[in-house]
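Okay, here's what each chain looks like letter by letter:
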Amino acid sequence: MTVKKFKIWLAPDINKEEEWLTEMSQKGLHLQKYRFFTYYFEEDHSKSYTYQIDFRQGAKQDYFQLYKDAGWEYITEVIGVFHYFRTDSKRPDVQKIYSDSQSIQDSYIRMRGFYLLIFILFLVSQLGVFTSWGGWPRYIVIGVDVVLILVYLRLFYVLNKRINYYRKS
Amino acid sequence: MAKKPESFLPLSQATYYILLSLREVRHGYGIMQDVEEVSKGEVKIGPGTLYGAMGKLEKQNVIEMATVQDDDRRKYYQLTDLGKEVLLLEYKRLKSLVENSGVLIKEMGER
C-alpha cells in the first residue's frame, strides 16, 4: 500500500527531514518517491531504514556507485541536487554519510552557493517583470516577491547559522 | 604555481589515512575499507565525506584519477608525486613529534 504525505522543508533542514524519514520508516512507512512536495511511502512493517540526504551538484555514475558499494540504496532525487539514500537501520557500521564536521560544513557551503545563484537569477528576472507591469498587477507582483525574498533571507540565515555551528565543533 | 608539500600540513587524521591507502590504486569504497582496517576501526569514513575529500584532493593535485580497465562504473585514484611527498612529510612530522616528546610524556605519567 502506498501512503502519500504533503510536507515542505526549508533546504538547510535536511537533517530534520532525514530524522523524519527515518522515524516514518520505523513506523513501517518507507520513502519510495518524491514529487512536488509529496512524499510517497510504501508500507512494510518487517523493515526499518535509516535515511540520509546529500546535497551534490553534478553527481555522476562514480558517485552513485560509491554509495552503493558502501551499502546505501539510492531512492530518489529532488531538483537534481538533493539525493536520498537509505540503509538498513540494523547495520552496525557507519550510519551517517558524513563522518566529520568539516565535510558537513562543506556541504552547507555548497548549498549556500547554489541558492545564492538562484536568488540572484530570481532578482534579475524580477527586474524585467517590474518594468513591464503597471497599475494594480504590479502590487501583486511586489507582494509575491516580498514573500519570496523573505523566504530566501530566512534560508540564508539558517544556512549561515549551520555553517558557523560546524566551524566551532 | 604548484603548491609546496609543506603547505598541506598538518593533515587531518582521515586525510592521512586516505593518502596512506593510496599506496595502491583503489576506488572509493576500497579506500573506505582500507582506512577502517589500517586504523583498526578507529577511523570510519562515510561515503559523503569521502567523495568530498577526493574531489578536494584531486583539485589540489595531491591525488589523480587512475585508469583501470574492466570497471567503468567506479573511479580509481592514485597518489601524485606531490601526494607522496605530502604523505612522507606528514609521517616525518608525526614521528618526530612522538619521538621528541616520548620520554617527557612518560616522566609526566610517573609523577
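So, how was this worked out
Each residue is numbered by its place in its chain's sequence as written, counting from 1. To read the labels, note that chains go from A and ligands from 1, taken in the order they are written. Local features in this predicted model are restricted to residues whose pLDDT is 70 or higher, and side-chain atom pairs enter the listing and the counts only when it is 80 or higher, whereas totals over whole chains, interfaces and linings include all residues. Any nonpolar core is a set of buried residues, restricted to Ala, Val, Leu, Ile, Met, Phe, Trp, Tyr and Cys, that join up through C-beta atoms within 7 Å. Exposure classes come from backbone-placed C-beta atoms, where a residue is buried if 20 or more other C-beta atoms lie within 10 Å of its own, exposed if 12 or fewer do, and partly exposed in between. What fixes the domain bounds is an automatic or database domain assignment. Whether two residues are in contact is decided by their C-beta atoms, placed from the backbone, lying within 7 Å. Segments assigned H or I by DSSP are reported as helices when at least four residues long, segments assigned E as strands when at least two residues long, and all are numbered from the N terminus. When DSSP finds at least two bridges between two strands, those strands are taken to pair. Orientation is described by axes fitted as lines to C-alpha atoms, over the contacting stretch for helices, and by angles from 0 to 180 degrees between their N-to-C directions.

Let us now look at the nonpolar core. Membership of the largest hydrophobic core comes to 45 residues, with the highest contact counts inside it found for I18, L50, M54 and I63 of chain B. Taken together, domain 1 (2–88) and domain 2 (101–168) of chain A each give at least three residues to this core, which thus spans both. Residues in contact with I63 of chain B, not counting those within four places in the same chain, are L22, M54, L57, E58, Y77, Q78, L79, T80 and G83 of chain B.

This brings us to unusual backbone geometry. Of the consecutive residues L9 of chain B and P10 of chain B, the connecting peptide bond is found in the cis state with omega at -5°. Within the secondary structure, P10 of chain B sits in the segment before α1 (13–21). Even without being glycine, F37 of chain A reaches a positive phi, approximately 65°. Tracing the backbone shows F37 of chain A in the loop between β2 (29–35) and β3 (38–43). For K40 of chain B, which is not glycine, the phi dihedral falls at a positive 55°. As for its position among the elements, K40 of chain B is in the loop between α2 (28–38) and α3 (47–59). The exposure class of K40 of chain B is exposed, given the 7 C-beta atoms found within 10 Å.

This part takes up the sheet that holds β3 of chain A. Residues and elements named next belong to chain A. Strand order in the open sheet formed by three strands is β1-β3-β2, and the pairing between neighbours is antiparallel. Both outer strands of the open sheet, β1 (2–6) and β2, are each paired with one neighbouring strand and no more. Adjacent strand axes in the sheet meet at a mean angle of 30°, parallel and antiparallel pairs treated alike. Taken together, the five bridges between β1 and β3 define a ladder with antiparallel strand orientation. Bridge assignment links T2 to a residue of β3, and that residue is E42.

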